[in-house]
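Summary of structural features
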Amino acid sequence: QTWESTNTFLDPASEYYNPNVTGVKTGSLSDDYNLVVLYQQHGKEFLICSLGSESDSSRYDDVNYILKTIDESDYLAG
């Protein structure tokens, strides 16, 4: 059996692609979609866990919002 890869943060052809994402783990249970992302930015590593999203795309939207917040953080950049 083959599983479809949904690791869109690692796919250069994806709208969610982000070169600062160094690892991704996805999973789903019933109607809960989970996503764990290892992210490197500002000389730091972040482990971001999104649990219980409503769909495959919403888990990426949720984490993408967090990544954007990290990127724009003045506190972390300085």
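Overview of the structure.

Here we take up the pairing of strand β2 (residues 32-41). Looking at chain direction, strand β1 (residues 21-29) and β2 are connected through 8 bridges and run antiparallel. The residue bridging valine 21 from the neighbouring strand is tyrosine 39, located in β2. One ladder, built from 8 bridges, connects β2 with strand β3 (residues 44-53); its direction is antiparallel. For valine 36, the partnering residue across the bridge sits in β3 and is cysteine 49. Counting the residues that bridge the hairpin from β2 to β3 gives 2 residues, and of these histidine 42 lies at a positive phi of roughly 55°.

Now for the sheet that holds β3. Read from one edge of the open sheet, 3 strands run β1-β2-β3, paired in antiparallel fashion. Whereas interior strands pair on both sides, the edge strands pair on one side only; in this sheet they are β1 and β3. Across the sheet, the mean angle separating the axes of adjacent strands is 10° when strand polarity is ignored. Where helix α1 (residues 56-71) meets the sheet, its contacts fall on β1, β2 and β3, and the angle it forms with β2 comes to roughly 25°.

Counting across every chain of the model gives 3 aromatic pairs. Centre to centre, the rings of phenylalanine 9 and tyrosine 16 are 6.2 Å apart; their planes meet at 75°, and the pair counts as edge-to-face. Tyrosine 16 matches phenylalanine 9 in its accessibility class, with the two residues each being buried. On the numbers, 5.6 Å between centres and 35° between planes, the contact of tyrosine 16 with tyrosine 60 is tilted. You can see tyrosine 16 sitting in the segment before β1 and its partner tyrosine 60 sitting in helix α1, a full 44 residues away along the chain. Just as tyrosine 16 is buried, tyrosine 60 falls in that class too. Members of the aromatic cluster, each reached through a chain of ring pairs, are Phe9, Tyr16 and Tyr60.

Turning to the side chain of arginine 59, a few remarks are in order. Residue placement: arginine 59 occurs in helix α1. By relative accessible area, which is 4% here, arginine 59 ends up buried. Within the structure, the side chain of arginine 59 is placed 2.6 Å from the side chain of aspartate 56, a separation counted as a polar contact.

Conventions used here
- Residues numbered from 1 in each chain as written.
- Predicted model: local features only at pLDDT ≥ 70, side-chain atom pairs only at ≥ 80, totals over all residues.
- Heavy atoms only, no water.
- Pairing = 2+ DSSP bridges.
- Helix = DSSP H or I, 4+ residues; strand = E, 2+ residues; numbered from the N terminus.
- Axes fitted to C-alpha atoms, helices over the stretch in contact; angles between N-to-C directions.
- Contact = heavy atoms within 4.5 Å.
- Phe/Tyr/Trp six-rings, centres within 6.5 Å; stacked < 30°, edge-to-face > 60°.
- Buried < 20%, exposed > 50% of the residue type's maximum accessible area, 1.4 Å probe, protein only.
- Polar contact = N/O pair within 3.5 Å; in protein donor to acceptor, adjacent residues only side chain to side chain.

What is shown is where atoms sit, not what they do.
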